[in-house]
Amino acid sequence: MCCFAYVLLFHTTDDWFSTWAVLACHEAYERRFPTCPLIPMFVASDTVNEYKSEDEAIHVIERRCKLDIDAPRLLKKIAGVDYVYFIQKNSLNRRERTLHIEAYNETFSNRVIINEHCSYTVHPDNEDWTCFEQSASLDIKSFFGFESTVEKIAMKQYTSNIKKGKEIIEYYLKQLEEEGITFVPRWTPPVACKSESGTSHPRRPVSPAINIPDCATKEGLSNKEILNTTSSPSEPTAGTPDDKLDADYIKRYLGDLTPMQESCLIRLRQWLQETHKGKIPKDEHILRFLRARDFNIDKAREILCQSLTWRKQHQVDYILDTWNPPQVLQDYYAGGWHHHDKDGRPLYVLRLGQMDTKGLVRALGEEALLRYVLSINEEGLRRCEENTKVFGRPISSWTCLVDLEGLNMRHLWRPGVKALLRIIEVVEANYPETLGRLLILRAPRVFPVLWTLVSPFIDDNTRKKFLIYAGNDYQGPGGLLDYIDKEIIPDFLGGECMCEVPEGGLVPKSLYRTAEELENEDIKLWTETIYQSASVFKGAPHEVLIQIVDASSVITWDFDVCKGDIVFNIFHSKRAPQPPKKDSLGAHSITSPGGNNVQLIDKVWQLGCDYSMVESPLICKEGESVQGSHVTRWPGFYILQWKFHSMPACATTNLPRVDDVLASLQVSSHKCKVMYYTEVIGSEDFRGSMTSLESSHSGFSQLSAATTSSSQSHSSSMISR
């Protein structure tokens, strides 16, 4: 679902007349770091980036600040943090005599966006006076249902900050006076020194903590985007020409990576930042897909984008919060989490031999079982993050212990095996490299038959992690004790630890449902999504009609380009298009179970006469995820159009370029596919963070990290953030 933010803007201007100039204010301001006893909430700060120009006119310092926010204990417990971190950038220009201070939150940046700006400039009427200006914005997208509480806390903290900011500067200015510093001379260009050979050598700048690469500036990356890759306990360092990550960060969160693997991770993450701006997966999640494809970036990017779209379409990010397993599953699904193995991996125990798979399928259907397995995998990801924090080293996978005691031919029931294969297919595609080890215990004689059926659907890398024990072999050398501490071996396996995993048993036939009921339930479960799929063909765009009654309404959209490249347009017409024909694909005559195709604009309509374009076309590449909005100016009919994007030929010749040919070959049968959601809301209800076609690109929530900020549009339908 599209998540619209509401924005609170604060602004204060205080012409602060003083005999102290801007440079003196900078000297006083720097005394606030690394800690400031006058600000109790300011716990600590670390310099993550420092830059000085060769003539020392420009001095930029970026710090990571640790704050102890005055928030209710319950809210901190729910949020899972005791401190919040902000990135602060101080830019001093001695030539222009200006000091600009920018700050934004690193913690919870995918839920709350806070931006603060302060500036010290020379007063226009008296250059010995300093003007002080301060402003801040708060954009709350979501915060565990406590949005109003966060708003109040933010307003309280900011009001307090305004009151104390001037007092603190005055305190440190007075401290300078007491030390005999009453004047800071103006900056003058340094005189170049000469070597013995007479060659002029400019003064060398102070060595920066982390160099900002030239390539970042050339590619148009903002300071904030560059900083989001700098060194911190939870984020990688800035990209350098050698594509290096901070060694401590790798050791703490990612594990052993070769230089090539580091480079692949950075390149794929940069691509995601460009196409999924605002929210992208954490490095740990990206790394799983790279490892699953042996660090082939193109292959990893393809399956990762498909997975991101799948997660969004089926709201998998929210499955733990929004879906409650049926009671039948809670009573008869013989599986559950049980401590951790010797490597710190979460341990999941599945008593498959004691589980009535036929009864569960007959009572619930295939999709309900699949959804339950997905919830288990989501819980596994959460537990891996927790164990990473507990053990102080990267834990990105879990161990599964499968007890086959009791497995028989009943478990080889055809619909049950079909459901198992479906589950394996979905899990393999969306949770690669999450299984660290699979221990199969007490495998009976019928197991080879089951293994023959399912093994072809399991990835080769995953199969290497299987350890199979027949009978009581698991109790001998090389058995359970090599992987699990003796104290937590379940009691039903001869251990002393009471395992709370349900024992399973036969599902009562009274709970069985008819085939028609199960089919309807499966359709309901897996089609409960706000997104729709559509096919886009060459010469046959997909179009959506939206009728607007009240002018100044807001049309919003959120779509993913699943296949091919498309052009997105918005048109307006005073008259309604004719209802689409049943065979809207014309000569194509193609039906797609995964999407539809509707054409509304009549071929005889003329652009500029029968209908008009209200936004500039937006070209969207395969894999991109786009959000945006348009404020309507007139009532009538608006048409959202997704159109096949034909690659242009080279400008200097009629022959197509090699890259164009290769790109066109990737779109089989000239077919593209999009997944979209649209909504119309009143302007008074619009909380305004997404603006027009070029606005922020959507992502997904639970797996995203604080990596980059949403880009902002400057089109005609701009809405101030």
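Residues numbered from 1 in each chain as written. Predicted model: local features only at pLDDT ≥ 70, side-chain atom pairs only at ≥ 80, totals over all residues. Heavy atoms only, no water.

In the annotation of an unreviewed UniProt entry, the protein chain is listed under the name SEC14-like protein 1 and assigned to Amazona collaria. Taken from UniProt, the Subunit (unreviewed entry) comment for the protein chain reads in full: "Interacts with RIGI (via tandem CARD domain); the interaction is direct. Interacts (via GOLD domain) with SLC18A3; the interaction is direct. Interacts with SLC5A7 (via GOLD domain); the interaction is direct." (UniProt positions renumbered as here; feature names shortened; annotations may be inferred.)

What follows deals with the sheet that holds strand β11 (residues 335-340). One open sheet accounts for five strands, arranged β11-β12-β13-β14-β15; its pairing is mixed. Two strands close off the open sheet at either side, each with one partner strand: β11 and β15 (466-470). Within the sheet, the average angular offset between the axes of one strand and its neighbour, ignoring direction, is 20 degrees. Of the strand pairs in this sheet, β11 and strand β12 (residues 346-350) are connected by four bridges, and their pairing is antiparallel. Among the inter-strand pairings, Gly335 is bridged to a residue of β12, identified as Leu350. Along the sheet, helix α13 (residues 366-391) makes contact with β11, β12 and β13 (398-403), crossing β11 at roughly 10 degrees. (Pairing = 2+ DSSP bridges. Helix = DSSP H or I, 4+ residues; strand = E, 2+ residues; numbered from the N terminus. Axes fitted to C-alpha atoms, helices over the stretch in contact; angles between N-to-C directions. Contact = heavy atoms within 4.5 Å.)

This next bit is on the pairing of β12. Here β12 lies mainly inside the structure; five of its five residues are buried. With burial as the criterion, each face of β12 is covered, one bearing Pro346, Tyr348 and Leu350 and the other bearing Leu347 and Val349. Taking the residues between adjacent antiparallel strands as the criterion, β11 and β12 are bridged by five residues, where Gly344 takes a positive phi near 85 degrees. Pairing geometry for β12 and β13, over four bridges, is parallel. Bridging across to β13, Val349 finds its partner in Leu401. (Buried < 20%, exposed > 50% of the residue type's maximum accessible area, 1.4 Å probe, protein only.)

In this model, helix α14 (residues 414-430) (17 residues) spans 25 Å end to end at C-alpha, consistent with the 24 Å of a helix rising 1.5 Å per residue. Turning to α14, its buried residues are Gly416, Val417, Ala419, Leu421, Ile423, Ile424, Val426, Val427 and Asn430. On the buried face of α14, the contacting elements are α8 (283-292), α9 (297-313), α12 (357-364), α13 and α15 (447-454). (Expected span 1.5 Å × (residues − 1).)

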